[in-house]
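# Structural overview
Below are the chains, spelled out letter by letter.
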Amino acid sequence: MARTQKNKATEYHLGLLKAKLARYRAQLLEPASKSGPAGVGFDVQKSGDARVALIGFPSVGKSTLLSKCTHTASETAAYEFTTLTAIPGVIEYQGARIQLLDLPGIVEGASQGRGRGRQVVATAKTADLILIMLDATKSEEQRRLLEIELDAVGIRLNKRKPDVVFKRRTTGGITLNTTVKLTKTDEKTIRTILAGYKLHNCDVMIREDITTDEFIDVLIGTRKYIPCLYVYNKIDAISLELVDKLARTENTVVISCEMDLNLDYLIEQIWESLELVKVYTKKRGARPDLSDPVCLRKGATIEDVCLGIHKSLVSNFRNGLVWVYNILLA
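Just so we're clear, the structure is a prediction, and the values are computed from it rather than from any experiment.

### Quick word on the overall build of the chain
Counting secondary structure elements, the chain contains 10 helices and 13 strands. For the chain, with 330 residues in total, the buried portion stands at 39%. When contacts within the chain are restricted to residue pairs at least 6 apart in sequence, those whose partners lie at least 24 apart make up 65%. Total accessible area on the chain is roughly 19,800 Å²; 52% of this is exposed by carbon and sulfur atoms.

Below is the structure:
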């Protein structure tokens, strides 16, 4: 694929190769047979209103950040691989409890299982937000390598799910409809990819101009689309010009754990990236209790509110009244 020249004539050939590569990679990461001894994972119960995963190479300051933000004791030292298992902590911010998970440092080749890499990325898939910790004194290659490892296991950073409807059928062949003009792929490539996955009877509705890779992601169906913040630590050891350049990069926060620089702003950015909504309950005829909110993800329903209070409320729920308060901040 690297040697193939990219143009209109080779799009079909490259699409076929990408489909095969994605299928073989999925078989390697999730083998059909469960032979061999069971692996040891990170048994950390998901708690709080949201989960944030800390990912990075060894010795970038993840454990120090966890200790500073959550007051949780996490072992720190000058040598690499200090953290050998997942260590949870809790950030309490604006009435919400956000679980911050310090994962062991990963190495290049983590998606293939090196250095407990599979356990780390599998836990990252359960997060609502990923913080990629980077060393500001090192090159941008570290960021690129981490993105490659996460992309290889199906984690799509700062991307949304493609607007494509895919349904299997038992008969009737392939029905392909598009509401937009496809400029990054074509119908022939899409039909070839479907044939490569042995999908000969299905309905496909494409509502945006997607790429071949995005269509393969829809077919596989196990991709996770997770927001991400890139956190550059050790800014006290670089020039002000480089700090300014990094800070202006999209989805980036610059900090110094050693000198407690910009940690409050980092927590604010975590809150905004999670897009949590605060819901307050009230008794009839009384003002709502603004000190104890129910924090939910954006797009939550009344059923989610009931589950956030107690699971027994759902079965007994009949009707409810909803008030919308516009709170203006000076």
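Read on for the rest.
### Some points on helix 4 (residues 141-152)
For helix 4, built from 12 residues, the straight-helix expectation of 16 Å at 1.5 Å per residue is met to within 8% by its first-to-last C-alpha distance of 17 Å. Turning to helix 4, its buried residues number three or more, namely Gln142, Arg143, Leu145, Leu146, Glu149, Leu150 and Ala152. Positive backbone phi, approximately 90 degrees, marks Gly154, located one or two places after helix 4.

### Overview of the confidence of the model for the chain
Scored by pLDDT, the chain has a mean of 83; 86% of the residues are at 70 or more. Taken element by element, the chain is modelled with least confidence in helix 3 (residues 117-124), mean pLDDT 76, and with most confidence in strand 10 (residues 228-233), mean pLDDT 96. Segment residues 35-40: pLDDT under 50, and 2 contacts once partners within four positions in sequence are set aside and those in other chains are kept. Here residues 77-82 scores under 50 on pLDDT; set against residues more than four positions off or in separate chains, the count is 9 contacts.

### A few points about unusual backbone geometry
Positive phi is not limited to glycine here, since Asn158 has a value of about 55 degrees. Along the chain, Asn158 turns up in the loop between strand 5 (155-157) and strand 6 (164-168). Positive phi values are uncommon outside glycine, yet Lys234 reaches one of about 65 degrees. Position of Lys234 among the secondary structure elements: in the loop between strand 10 and helix 7 (240-247).

### Some remarks on the sheet that holds strand 6
Pairing within the open sheet is mixed, and its 3 strands lie in the order 6-8-7. Edge strands, defined here as strands with exactly one partner in the open sheet, are strand 6 and strand 7 (174-178). The mean inter-strand angle of the sheet, taken between neighbouring strand axes irrespective of direction, is 5 degrees. Direction of pairing for strand 6 relative to strand 8 (residues 202-206): antiparallel, over a ladder of 5 bridges. Bridge pairing in strand 8 links Phe166 to Val204. The sheet strands contacting helix 5 (residues 187-196) are strand 6, strand 7 and strand 8, and the helix crosses strand 7 at an angle near 145 degrees.

### Things to note about the packing of helix 5 against helix 6 (residues 212-220)
Following both chains from N to C, one finds helix 5 and helix 6 inclined at 35 degrees, their axes separated by 11 Å at the closest point. Helix 5 and helix 6 meet at a crossing whose hand is right-handed. Contacts between helix 5 and helix 6 involve Thr189, Ile190, Ile193 and Leu194 from the first element and Thr212, Phe215, Ile216 and Leu219 from the second. In the contact of helix 5 with helix 6, the residues fall into 6 nonpolar, 2 polar and no charged.

### With respect to the nonpolar core
A general tendency of soluble globular proteins is for nonpolar side chains to be buried together. Core analysis: the biggest nonpolar cluster contains 31 residues, and Ile55, Leu103, Ile130, Ile132, Ile155 and Leu157 have the highest contact counts within it. If you list the elements that add at least two residues to this core, you get strand 1 (50-56), helix 3, strand 4 (129-135), helix 4, strand 5, strand 10 and helix 7. Setting aside anything within four residues of it in sequence, one finds Ile130 in contact with Ala53, Ile55, Ala124, Ile155, Leu157, Ile226, Pro227, Cys228 and Leu229. The next biggest cluster of nonpolar side chains, apart from the first, holds 28 residues, and it includes Ala96, Leu131, Ile255 and Cys295.

### Describing the pairing of strand 7
Relative to strand 8, strand 7 is paired through 5 bridges, and the arrangement is parallel. Opposite Thr178, over in strand 8, you have Ile206 as the bridge partner. Considered for its hand, the β-α-β crossover made up of strand 7, helix 5 and strand 8 is left-handed.

### Side note on the state of the cysteines
A covalent bond between the sulfur atoms of two cysteines is referred to as a disulfide. This model, assessed by the stated rule, comprises 0 disulfides. Just so you know, Cys69 is unpaired, no disulfide at all, and the nearest cysteine sulfur is the one on Cys257, 7.1 Å from it. Residue Cys69 is classed as buried on the basis of its relative accessible area, which comes to 14%.

### Description of the pattern of salt bridges
One pass over the structure, following the stated rule, counts 15 salt bridges. The partner of Arg144 in a salt bridge is Glu141, and the shortest N-O contact between them spans 2.4 Å. Of this pair, Arg144 and Glu141 both sit in helix 4, 3 residues apart, roughly one helical turn. With a relative accessible area of 40%, Arg144 lands in the partly exposed category. The partner of Arg207 in a salt bridge is Asp163, with the nearest N and O atoms 3.8 Å apart. Taken as a pair, Arg207 in the loop between strand 8 and helix 6 and Asp163 in the loop between strand 5 and strand 6 lie far apart in primary sequence, 44 residues in all. For Arg207, a relative accessible area of 43% corresponds to the partly exposed category. A single network of salt bridges, built from pairs that share partners, joins Asp151, Arg156, Asp217 and Arg223.

The rules we used
- Residues numbered from 1 in each chain as written.
- Predicted model: local features only at pLDDT ≥ 70, side-chain atom pairs only at ≥ 80, totals over all residues.
- Heavy atoms only, no water.
- Helix = DSSP H or I, 4+ residues; strand = E, 2+ residues; numbered from the N terminus.
- Buried < 20%, exposed > 50% of the residue type's maximum accessible area, 1.4 Å probe, protein only.
- Contact = heavy atoms within 4.5 Å.
- Areas by Shrake-Rupley, 256 points an atom, 1.4 Å probe, with all protein chains shown as cover.
- Expected span 1.5 Å × (residues − 1).
- pLDDT = per-residue confidence, 0-100.
- Pairing = 2+ DSSP bridges.
- Axes fitted to C-alpha atoms, helices over the stretch in contact; angles between N-to-C directions.
- Left-handed = near helix turned anticlockwise from the far one by under 90°.
- Nonpolar A, V, L, I, M, F, W, Y, C, P; charged D, E, K, R; others polar.
- Core = buried A, V, L, I, M, F, W, Y, C linked by side-chain atoms within 4.5 Å.
- Right-handed = clockwise from strand over helix to strand, strands pointing away.
- Disulfide = S-S within 2.5 Å.
- Salt bridge = Lys/Arg side-chain N within 4 Å of Asp/Glu carboxyl O.

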